[in-house]
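Chain by chain, the residues:
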Amino acid sequence: MKIYLGLFILMVFVNLNAQETMENDVPYATIPEAPEDYSAGAVVSRMIDGLGFRYYWATEGLTEGNLEYRPSEKGRSIAETMEHVHGLSLIILNSAKKEPNDLTVERVKPQIKELRSMTLTNLKMASDLFRVSEDLAAHNIVYKKEEGLTEYPFWYQINGPIEDAVWHAGQIVLMRRSDGNPFNSKASMFTGKVRE
């Protein structure tokens, strides 16, 4: 019996430690070093890195109570806003991978605990792909629907999903402040680093 209890305690400890390690491995606690060139792909990559940094700090340290906060009855909660940003990160990533957003299949909704990590990982993968892209015109936004494909030029990526996600990261910051849990003010949006 003592062996089973010991194994159970060990498994719980390993599981908790693994979850903490996974959360610490998410990108964008700082912005990566800037590319040396100013190619179009490198500029888009840097825009996504700026978004990733903002989203990281907007969502870092949120409590379960914060996630349910909504500014009004009709407004989105923080959790719902995070779900929306996750959807935007998928559109950004699919464009980077030159793959359609398949609206003919139901998307599995991730658990809120996984959502932050998945969103940041999507943004990092997209940034890495765009950084080496030589032709942004090849990265259109494509939606696959029952009636066929709908395609939008890459320009829509900038004023659409990328800037929309920046907008919503700011909303999360405002909502968490209103709920009494401001984000880390040492995170400098200008330098992309945390001040000492």
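Residues numbered from 1 in each chain as written. Predicted model: local features only at pLDDT ≥ 70, side-chain atom pairs only at ≥ 80, totals over all residues. Heavy atoms only, no water.

1. A short note on helix α2 (residues 40-59)
With 20 residues, α2 extends 29 Å from end C-alpha to end C-alpha; this agrees with the ideal 28 Å at 1.5 Å per step. Where burial is concerned, most of α2 is hidden: 15 out of the 20 residues are buried. A positive phi of about 80° marks G61, the residue just after α2. (Helix = DSSP H or I, 4+ residues; strand = E, 2+ residues; numbered from the N terminus. Expected span 1.5 Å × (residues − 1). Buried < 20%, exposed > 50% of the residue type's maximum accessible area, 1.4 Å probe, protein only.)

2. Thoughts on helix α4 (residues 78-97)
The first and last C-alpha atoms of α4 sit 28 Å apart over 20 residues, in line with the 28 Å expected at 1.5 Å per residue. Counting buried positions over the 20 residues of α4 gives 16, a clear majority of the element.

3. Here we look at the pattern of salt bridges
Scanning the model with the defined rule gives nine salt bridges in all. The shortest N-O distance in the salt bridge between K97 and E99 comes to 3.6 Å. Taking the relative accessible area as the measure of exposure, E99 reaches 37% and is therefore partly exposed. The network of salt bridges with shared partners includes D49, K124, D128 and R131. (Salt bridge = Lys/Arg side-chain N within 4 Å of Asp/Glu carboxyl O.)

4. Describing the packing of α2 against α4
In contact at an axis separation of 13 Å, α2 and α4 are set at 160° when each is read in the N-to-C sense. By the criterion of interaxial angle, the relationship of α2 to α4 is roughly antiparallel. α4 is crossed by α2, and the crossing has left-handed handedness. Counting all contacts with α2, which are made through I48, L51, Y55 and T59, the residues of α4 involved are M82, V85 and I92. Across the contact of α2 with α4, the residue classes tally to six nonpolar, one polar and no charged. (Axes fitted to C-alpha atoms, helices over the stretch in contact; angles between N-to-C directions. Parallel < 35°, antiparallel > 145°, perpendicular 65-115°, else oblique. Left-handed = near helix turned anticlockwise from the far one by under 90°. Contact = heavy atoms within 4.5 Å. Nonpolar A, V, L, I, M, F, W, Y, C, P; charged D, E, K, R; others polar.)

5. Focus on the pairing of strand β3 (residues 148-152)
Both strand β2 (residues 141-145) and β3 contribute to a ladder of five bridges, which runs antiparallel. Bridge pairing links K144 to L149 in β3. As consecutive antiparallel partners, β2 and β3 are separated by two residues. (Pairing = 2+ DSSP bridges.)

6. Here we look at the nonpolar core
I48, M82, I92 and F130 are the most contacted members of the largest nonpolar core, which totals 36 residues. Listed by contribution, the elements that provide at least two residues to this core are α2, α4, α5 (112-131) and α6 (155-178). Residues contacting M82, with those up to four places away along its chain left out, are Y55, T59, L62, L67, I112, L115, R116 and I172. (Core = buried A, V, L, I, M, F, W, Y, C linked by side-chain atoms within 4.5 Å.)

7. Considerations on the packing of aromatic side chains
Aromatic ring pairs are defined here through the distance separating the ring centres and the angle between the ring planes. Inspection of every chain in the model, using the stated rule, returns four aromatic pairs. Their ring planes at 65° and their centres at 4.9 Å tell us that Y56 and W57 sit as a pair that is edge-to-face. Of the two residues examined, Y56 and W57, each falls in the buried class. For the pair F130 and F154, a centre-to-centre distance of 5.6 Å together with 65° between the ring planes defines the contact as edge-to-face. Separated by 24 residues along the polypeptide, F130 in helix α5 and F154 in the loop between β3 and α6 bring together distant segments of the chain. Relative accessible area serves as the criterion here: at 6%, F154 is assigned to the buried category. Aromatic rings pair up to connect Y143, Y152 and Y156 into one cluster. Positioned above the aromatic ring of Y56 is the side chain of R116, whose terminal nitrogen or guanidinium carbon lies 4.4 Å from the ring centre. (Phe/Tyr/Trp six-rings, centres within 6.5 Å; stacked < 30°, edge-to-face > 60°. Lys NZ or Arg CZ within 6 Å of the ring centre and 35° of its normal.)

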